[in-house]
Amino acid sequence: MSKTSSRDSSSSRNSTELLDRYLQAVRFWLPKAQQQDIIAELSEDLHSQIEEKETALGRSLNEAEIEAILKQRGRPVLVANRYLPQRSLIGPVLFPIYCFVMKVVALCYLVPWVLVWIGMMSLSSSYRAQHASSGWFAAIVSGWSALWLTAFLALGTVTIVFSVLEYLETQSGFLENWNPRKLPPVRDPHQIPRSGSVVELVANVVFEIWWIGNMSTRVLLNRPEIRIVLSPVWRYFFWSFLLLALVNAALAGVNFARPYWTVLRASFRLVTDCTAAALFCWMVKAALIAEITGANISAARTVEITNVINLAMARAFPILLVAGVVILLVDAYRIFRVKNAAPAQLKGQVPAAVL
Amino acid sequence: MATGTKSSEVLENLRMELRRGCLIVAVLAQLRSEQYGYTLRKALANDGLAIDEGTLYPLLRRLETQGLLVSQWREEDKRNKRFYRLSGEGESILKQLLAEWESINASLNKILQEA
């Protein structure tokens, strides 16, 4: 009899302790000013529930039954959280804009970073020697660590900026002030802005005039103190870039007259961009500087400078290649988009138009 | 199976949304007579509107902060309990909410009859 009584008393003590531990854990997450009030009410509610169950069973609840009641109430931090005002680092008003900016940062900053890294590792032997000297695995680990740091800084900065904006928004409600008239006009992805075509046309014409006037000879600079001569291969580049500029100017003119992309013109743009990318890649690898002579520079020194410039240009090859691939992908996507456009989307186009 | 689970989740979410506003009206209506949290919860459950304590107590505090309820700690059955009742402002708001609810109900009935 005394054994049963002692076991009951011990179980009741454990149950009370469990309850106190639960209340203490909830209290931890509550604001100080409300702790006592909320805990007193929660404690009272729990005691009422326990008492009701004990009356129904005709005996005290054991530890397992108390545990079940507490589990049903929920994790202390969640219980406490329900008493707190709803808070968020970035609220529902700014969250879609935040997501959009994150995507832009990832696409315009992190993706090019990865592509350039891959390009440098695959195509630049000096970069590879510098970073992969202790093996490819170590190079990948070091590359990814640098990427994570870059990503952490870029995305972390965006998050901090948006949390400050969120704070300012809750204080001033500046996002409430907006005007439908200031919304951007409806965008047609197939339309070529005429302003863009004019800029392209003018830029190409100005370039052609400058190109013919200044770049037609192999002598890049001819001053008493310094003379720079390009290698004989330059004449290929001169005529190729000139031809490319003429074609681009013609395309800009056609785009101005008919400001909607067609498959033919989009393909033409792909070809010209492809040619430009190939020319740039070839140019940086072609050891373009043939000779540098200076009044006060020794012959050995000029050879050294020439080699340094040619090497520096060659090192830009992976970056140019990656940039070229990105531009070509964008051009290819444009062709795909125009090809798959619904007829209604191609408004303003003459169906039979070739250009 | 997955579609079934998803549709039951959707139903549960919609049901919760539908109940949320009604629960406030029910709590205000119940507190026209003074009650403490536990008995209020039992009363609501007996009337078919079960509400878990994690929702009820924060709601009571919010309604009190908004001035719709008044509360008082008092000893009953050798335990301190917090008793709530509707304030003057709460009564006026409840009246308006009930009118709004009746209006919504009437509109809904009309729409359902038309359908």
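Source: prediction; values computed, not measured.

J.: Explain the packing of helix H9 (residues 234-257) of chain A against helix H10 (residues 263-285) of chain A to me, and be specific about the residues and the numbers.
T.: Residues and elements named next belong to chain A. Axis separation between H9 and H10 bottoms out at 11 Å; the angle between their running directions is 155°. Looking at the two axes, H9 sits roughly antiparallel to H10. Taken as a pair, H9 and H10 cross one another with a handedness that is left-handed. Residue-level inspection shows Trp234, Tyr236, Phe237, Ser240, Phe241, Leu244, Val247, Asn248, Leu251, Val254 and Asn255 of H9 in contact with H10, the latter providing Arg265, Phe268, Arg269, Thr272, Thr275, Ala276, Leu279, Phe280, Trp282 and Met283. Per-class residue counts for the contact of H9 with H10 are 14 nonpolar, 5 polar and 2 charged.

J.: Just give me the short version of empty space enclosed by the protein, but keep the residues and values in it.
T.: In this structure the tally under the stated criterion is 2 cavities of 30 Å³ or more. The calculated volume of the largest cavity comes to roughly 60 Å³. Leu42, Arg73, Val79, Arg82 and Tyr83 of chain A together with Glu53, Gly54 and Tyr57 of chain B are the residues that line the largest cavity. Counted as a void, the second largest cavity has a volume near 40 Å³. In terms of lining, the second largest cavity is formed by Glu41, Glu44 and Asp45 of chain A together with Tyr36, Gly37, Tyr57, Trp73, Lys81 and Arg82 of chain B. Mapped onto the lining of the second largest cavity, the elements with two or more residues apiece are helix H2 (32-57) of chain A together with strand E3 (79-86) of chain B. For the lining of the second largest cavity, a count of residues per class yields 3 nonpolar, 1 polar and 5 charged.

J.: Let's hear about the pattern of salt bridges: which residues, and what values?
T.: Taken as a whole and judged by the stated rule, the model has 21 salt bridges over all chains. Here Arg79 of chain B makes a salt bridge to Glu51 of chain A, at a shortest N to O gap of 2.6 Å. Placement of Arg79 of chain B in strand E3 and of Glu51 of chain A in helix H2 is noted, with the two residues assigned to different chains. For Arg79 of chain B, a relative accessible area of 18% puts it in the buried group. Of the charged contacts in the structure, one is a salt bridge between Arg59 of chain A and Glu65 of chain A, with a shortest N-O distance of 2.8 Å. With relative accessibility at 39%, the residue Arg59 of chain A sits in the partly exposed group. Owing to a relative accessible area of 22%, Glu65 of chain A belongs among the partly exposed residues under this scheme. By sharing partners, the salt bridges in this structure join Asp37 and Glu41 of chain A together with Arg61, Glu64 and Arg82 of chain B into a single network.

About the criteria used
Residues numbered from 1 in each chain as written. Chains lettered and ligands numbered in written order. Predicted model: local features only at pLDDT ≥ 70, side-chain atom pairs only at ≥ 80, totals over all residues. Heavy atoms only, no water. Axes fitted to C-alpha atoms, helices over the stretch in contact; angles between N-to-C directions. Helix = DSSP H or I, 4+ residues; strand = E, 2+ residues; numbered from the N terminus. Parallel < 35°, antiparallel > 145°, perpendicular 65-115°, else oblique. Left-handed = near helix turned anticlockwise from the far one by under 90°. Contact = heavy atoms within 4.5 Å. Nonpolar A, V, L, I, M, F, W, Y, C, P; charged D, E, K, R; others polar. 1 Å grid on protein atoms, 1.4 Å probe; cavity = no way out; pocket = protein on both sides within 12 Å on 5 of 7 lines; lining within 4 Å. Points joined across faces, edges and corners; volume = space filled by probe spheres on them. Salt bridge = Lys/Arg side-chain N within 4 Å of Asp/Glu carboxyl O. Buried < 20%, exposed > 50% of the residue type's maximum accessible area, 1.4 Å probe, protein only.

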